[in-house]
2 protein chains.
Amino acid sequence: MKQVTGAVCTRCGHIVAADPDITVCPKCGGILDIQYDYDYIRSHVSKYDLLDRADPTMWRYLEFLPVEGLGTRPRLRVGGSPLYRADALARRLGIDTLWIKDDGLNPTASLKDRASAMAVVKAEEAGRSVIACSSTGNAASSLAGNAAAAGLSTYIFVPSRAPKGKVAQLLMFGATVVLVEGSYEDTFRLSAEAIDRWGWYNRNAAINPYLMEGKKTVSLEIAEQLQFRMPDYVALSVGDGCTIAGVWKGFRDLFEAGFIDRLPRLISVQASGCCPINTAAAAHTMDWTPQEENTIADSIAVGVPRNPVKALRAIEESHGVTVNVSDEEILAAMRMLGRYAGVFAEPAGAAGSAGLKKAVEQGLIEKNASVVSIVTGNGLKDVNNAIRAAGEPIAIPADMDCLLKAFDERGISPA
Amino acid sequence: MKQVTGAVCTRCGHIVAADPDITVCPKCGGILDIQYDYDYIRSHVSKYDLLDRADPTMWRYLEFLPVEGLGTRPRLRVGGSPLYRADALARRLGIDTLWIKDDGLNPTASLKDRASAMAVVKAEEAGRSVIACSSTGNAASSLAGNAAAAGLSTYIFVPSRAPKGKVAQLLMFGATVVLVEGSYEDTFRLSAEAIDRWGWYNRNAAINPYLMEGKKTVSLEIAEQLQFRMPDYVALSVGDGCTIAGVWKGFRDLFEAGFIDRLPRLISVQASGCCPINTAAAAHTMDWTPQEENTIADSIAVGVPRNPVKALRAIEESHGVTVNVSDEEILAAMRMLGRYAGVFAEPAGAAGSAGLKKAVEQGLIEKNASVVSIVTGNGLKDVNNAIRAAGEPIAIPADMDCLLKAFDERGISPA
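Let me sum up the structure you'll find in this document. Here the structure is a predicted model, which means the values were calculated and not measured. (Residues numbered from 1 in each chain as written. Chains lettered and ligands numbered in written order. Predicted model: local features only at pLDDT ≥ 70, side-chain atom pairs only at ≥ 80, totals over all residues. Heavy atoms only, no water.)

**With respect to the overall build of chain A**
- Per the secondary structure count, chain A includes 16 helices and 14 strands.
- Here the C-alpha atoms of chain A give a radius of gyration of 21 Å, agreeing with the 22 Å that 2.2 N^0.38 yields for 415 residues.
- Projected onto its principal axes, the C-alpha coordinates of chain A cover approximately 75 × 45 × 45 Å.
- Taken over 415 residues, chain A has a buried fraction of 64%.
- On chain A, roughly 14,000 Å² of surface is accessible, and the fraction owed to carbon and sulfur atoms is 46%. (Helix = DSSP H or I, 4+ residues; strand = E, 2+ residues; numbered from the N terminus. Rg over C-alpha atoms; globule rule 2.2 N^0.38 Å. Buried < 20%, exposed > 50% of the residue type's maximum accessible area, 1.4 Å probe, protein only. Areas by Shrake-Rupley, 256 points an atom, 1.4 Å probe, with all protein chains shown as cover.)

Here's what the structure looks like:
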């Protein structure tokens with residue numbers, strides 16, 4: 001791993017060797033951040049090399065990733081998700097240019113596959129065959145799927161409010177699933193205790209610094225798909241803070257390596273009912289306060305974020321915009337993405353676009369802006385909320401006159 | 001469209017011009033089949049050209065497809081689904097080599113996206129901006145999604161018994177959904193009347209001969225992903241017959257164009273509770289008999305198949321193997337795919353693999369065979385059956401003693 005120089009503590013600055021099973025800072029318990037030798041990277045790969053590569057997965061960016069190699073175990077096709085130019089949606093939102101990055105098309109239907117694919121590789125490097133995590137859903141199902149493909153075992157701790165689809169996915173992938181009666185915080189605590197007790201490989205994104213390095217590949221892809229011409233903004237939803245931190249790290253890496261000449265501003269979107277990171281970011285402080293978890297967007301309902309430091313730094317460094325959205329605004333964004341872009345998002349997946357819409361309406365970003373909005377998870381993960389968002393169909397007897405009357409009543413001219 | 005010579009009736013042999021809005025044979029009402037000039041194709045593209053192409057979608061095979069071009073409308077990224085080498089599963093099944101083609105990773109999570117993407121392009125060619133179909137399943141949701149991306153409208157007729165989740169997906173994509181109080185037959189009749197009345201483009205796979213041409217791209221991909229070295233068998237589930245007919249057409253096209261030097265044998269899998277095509281195929285007759293629809297695999301629960309002719313010919317020509325599987329065998333295959341390959345399939349999506357397992361056990365195929373098994377749809381489409389297949393998670397309070405007790409009771413040794 002000559003591209004990696006070490007792991008630095010985000011709290012005390014202490015540097016440790018980048019062993020495959022590092023977790024938090026041994027000195028102060030702070031979260032670690034993987035550091036790279038950008039001269040080394042630059043001398044081993046160019047952006048033109050990347051554009052020529054055949055591998056469609058996140059591993060096409062190997063020089064930017066903290067791995068020795070990929071080993072021989074089978075793996076799912078993670079990454080390479082489409083970036084759709086969405087002109088109809090841009091017009092509707094009143095901005096110049098919009099792209100939708102549909103990360104719901106990953107193998108287990110969320111962006112978290114990128115982190116879990118990384119966890120599997122690092123667990124192999126560390127010589128472990130069991131991986132564990134606690135999660136509201138997507139981190140878990142992605143871990144279970146990616147580990148199953150590679151032949152590793154998983155123990156997964158999920159809060160009891162997780163949607164049934166997500167739990168079913170875990171069980172289908174052969175994970176041992178523990179449904180914990182309590183909050184995400186309770187769930188996290190029990191999983192940490194169990195991981196300590198049995199020495200499992202830890203796939204908890206805030207503790208394992210490698211996972212963010214997997215997540216950052218979404219940014220490497222966005223940049224490459226735009227031929228390394230950066231948009232003004234990148235919008236995404238924020239829960240425990242790991243994803244936005246990863247997204248920022250990806251852009252920073254490309255900038256440091258000289259592959260892009262400017263950095264986009266982040267639009268950090270949280271649910272109004274659970275927005276501890278945005279509240280602190282808007283006040284330009286690192287002092288965040290725990291909040292309740294009142295939102296339908298379960299994947300970002302994190303009242304006690306596990307990675308506030310990296311997230312808050314990412315928002316600050318990018319001169320980011322913070323927006324909080326109501327559940328109604330999230331449901332409306334789900335309809336908007338479906339109708340005008342053909343993209344079906346889960347609530348947390350649509351929240352970034354809901355926030356973008358609101359940021360435009362409130363004049364927080366310019367009308368002539370170019371924006372990438374990341375859809376972090378697929379709507380099939382949460383059908384109950386899709387039903388809530390979707391409204392009602394036309395219900396009639398099997399009769400043409402009834403059809404004509406129904407169209408007429410609704411002002412539909414089908415000609 | 002110089003690669004296309006016309007459309008021939010599968011019943012009476014009458015040939016018509018390949019206009020974009022042809023449906024059935026104007027002489028006898030038989031199903032049409034698109035015909036190609038393989039010399040023309042061969043002189044315009046080689047298999048080495050294909051391997052070099054950057055377009056990751058089904059449209060990379062443009063010379064093999066009945067379209068003028070792709071126009072300028074945005075479209076979803078259909079096709080380019082992964083082909084996983086599944087050694088752990090092969091060992092479990094007792095065969096030499098197995099690949100899983102995961103077509104559940106298409107944009108709306110099923111193979112049907114390939115047909116619907118084709119429908120959208122042909123509707124545009126025909127100058128239509130409205131497409132209609134009657135279906136509750138994957139055909140409808142894929143049509144709604146692909147049309148939404150391209151800015152076309154859809155009218156979708158569903159029987160009132162349609163599950164809410166499926167209706168929700170249609171509504172999310174902005175389709176006008178007409179819920180018809182009556183049977184599927186009533187629904188179909190009203191949709192046909194409306195299509196006639198308003199001149200909408202007709203997306204019905206058995207009536208519109210172009211849709212199968214979209215579906216065949218799954219075979220073109222499989223061949224290319226295997227460097228044009230064919231497996232001995234290709235296993236897949238069969239409902240109305242259009243998909244297996246499309247799969248066979250793809251391999252035939254490649255064979256006729258000289259891109260592959262042998263054809264795989266098809267393993268046609270139906271549910272024991274609804275197997276009219278396999279029953280006829282096993283008796284080597286084209287005389288099939290309608291059956292009841294008794295299976296959890298709703299996507300292949302077709303008692304009156306709409307494309308039996310092409311399906312039965314495909315099975316016969318390929319010296320195919322027919323296998324019928326019970327619902328229990330389908331649920332077991334869902335677990336097997338998840339646990340040993342990290343692939344989450346809906347019941348109809350797993351049925352092909354269930355049939356493969358049974359074919360090996362019954363000695364219908366050789367132990368040293370190489371097989372591709374196609375997963376036609378994602379498990380997130382049918383969470384209730386996934387839960388049925390998966391069993392229940394461990395549910396406990398957030399307490400280590402409860403966890404220890406739960407593991408102990410279940411004989412789990414997590415060390």
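The discussion continues.
**Side note on the interface of chain B and chain A**
- If you look at the interface, chain B gives 73 residues, while chain A gives 73 residues.
- Ranking the residues of chain B by area buried against chain A places B:Arg77, B:Met172 and B:Leu380 at the top, with a combined share of 13%.
- Taken together, the connections running from chain B to chain A amount to zero salt bridges.
- On the surface where chain B and chain A come into contact, there are 16 residue pairs in polar contact (both at pLDDT 80 or more).
- For the side of chain B that touches chain A, the leading source of residues is helix α6 (residues 164–172) of chain B, giving seven residues.
- Across the side of chain B that touches chain A, the residue classes break down as 48 nonpolar, twelve polar and 13 charged.
- Bridge count for strand β8 (residues 176–181) of chain A against strand β14 (residues 394–397) of chain B is four bridges, and the pairing is parallel. Each bridged residue has a counterpart across the sheet, and for A:Val178 the counterpart in β14(B) is B:Ile394. (Contact = heavy atoms within 4.5 Å. Buried area = accessible area lost by both parts, 1.4 Å probe. Salt bridge = Lys/Arg side-chain N within 4 Å of Asp/Glu carboxyl O. Polar contact = N/O pair within 3.5 Å; in protein donor to acceptor, adjacent residues only side chain to side chain. Nonpolar A, V, L, I, M, F, W, Y, C, P; charged D, E, K, R; others polar. Pairing = 2+ DSSP bridges.)

**A look at the relation of the copies chain B and chain A**
- Taken as rigid bodies, chain B and chain A are interconverted by a rotation of 179 degrees and an axial shift of 0.1 Å, the fit giving an RMSD of 1.1 Å. Taken together, the rotation and translation relating the two chain copies correspond to the operation of a two-fold axis.
- Interface residue correspondence from chain B to chain A reaches 100%, placing this contact among same-surface, isologous pairings. (Least-squares fit on C-alpha atoms with pLDDT ≥ 70 in both.)

**Points about the packing of helix α15 (residues 383–390) of chain A against α6(B)**
- Running from N to C, α15(A) and α6(B) point in directions that differ by 55 degrees, and their axes come no closer than 8 Å. Taken as axis vectors, α15(A) and α6(B) run oblique relative to one another. By crossing handedness, the relation of α15(A) to α6(B) is classed as left-handed. Where α15(A) approaches α6(B), its residues A:Val383, A:Ala386, A:Ile387, A:Ala389 and A:Ala390 are matched on the opposing element by B:Lys164, B:Gly165, B:Ala168, B:Leu171 and B:Met172.
- Of the residues that constitute the contact of α15(A) with α6(B), the class distribution is eight nonpolar, one polar and one charged. (Axes fitted to C-alpha atoms, helices over the stretch in contact; angles between N-to-C directions. Parallel < 35°, antiparallel > 145°, perpendicular 65-115°, else oblique. Left-handed = near helix turned anticlockwise from the far one by under 90°.)

**Observations regarding the packing of aromatic side chains**
- This structure, assessed with the given rule, holds 18 aromatic pairs over all chains.
- Seen in terms of ring centroids, A:Tyr36 and A:Tyr38 are 6.3 Å apart; in terms of plane orientation they differ by 40 degrees. Their pairing is tilted.
- By relative accessible area, which is 7% here, A:Tyr36 ends up buried.
- A relative accessible area of 19% means that A:Tyr38 is categorised as buried.
- Aromatic side chains B:Phe64 and B:Phe259 sit 5.4 Å apart centroid to centroid with 85 degrees between the ring planes, which places their arrangement in the edge-to-face category. (Phe/Tyr/Trp six-rings, centres within 6.5 Å; stacked < 30°, edge-to-face > 60°.)

**Concerning the pattern of salt bridges**
- A full pass over the atoms with the stated rule returns 52 salt bridges over all chains.
- The partner of A:Glu125 in a salt bridge is A:Lys122, and the shortest N-O contact between them spans 2.7 Å. Remark: A:Lys122 and A:Glu125 occur in helix α4 (residues 113–125); sequence separation between them is three residues, near one turn of the helix.
- The class for A:Lys122 is buried, based on a relative accessible area of 0%.
- Salt-bridge contacts for B:Arg252 lead to B:Glu256; the nearest nitrogen and oxygen are separated by 3.4 Å. In this pair, B:Arg252 and B:Glu256 are both assigned in helix α10 (residues 242–256), four residues apart and thus about one turn of the helix distant.
- According to the relative accessible area criterion, B:Arg252 is partly exposed, its value standing at 28%.

**Some remarks on unusual backbone geometry**
- In this model, A:Phe228 sits at a positive phi of 65 degrees, which is unusual for a non-glycine residue.
- Mapped onto the secondary structure, A:Phe228 falls in the loop between α9 (217–225) and β10 (233–237).
- Note on A:Phe228: relative accessible area 6%, which makes it buried.
- A positive phi angle, close to 50 degrees, is found at B:His319, a residue other than glycine.

**Examining a negative patch on the surface**
- Taken together, A:Glu193, A:Asp196, B:Asp399 and B:Asp401 make up a surface patch of like negative charges.
- Tracing the backbone through its elements, the reader meets B:Asp401 in helix α16 (residues 400–409). (Patch = residues over 30% accessible without salt bridge, like charges linked within 9 Å, V, L, I, M, F, W, Y side chains within 5 Å. Lys, Arg positive; Asp, Glu negative; His and termini not counted. Charge placed at Lys NZ, Arg CZ, Asp CG, Glu CD.)

**Examining the pairing of β8(A)**
- Taken across its six residues, β8(A) has five buried, putting it largely inside the fold.
- Note on the crossover from strand β7 (residues 153–159) of chain A through helix α6 (residues 164–172) of chain A to β8(A): the handedness is right-handed. (Right-handed = clockwise from strand over helix to strand, strands pointing away.)

**A closer look at empty space enclosed by the protein**
Residue and element names in this part refer to chain A.
- One pass over the structure, following the stated rule, counts seven cavities of 30 Å³ or more.
- Taken as a whole, the largest cavity spans an internal volume of roughly 340 Å³.
- In terms of lining, the largest cavity is formed by 28 residues, of which the most central are Lys-112, Lys-215, Asp-240, Thr-243 and Ser-299.
- Here the lining of the largest cavity gets three residues from one element, more than from any other, and that element is helix α10 (residues 242–256).
- Split into classes, the residues belonging to the lining of the largest cavity amount to twelve nonpolar, eleven polar and five charged. (1 Å grid on protein atoms, 1.4 Å probe; cavity = no way out; pocket = protein on both sides within 12 Å on 5 of 7 lines; lining within 4 Å. Points joined across faces, edges and corners; volume = space filled by probe spheres on them.)

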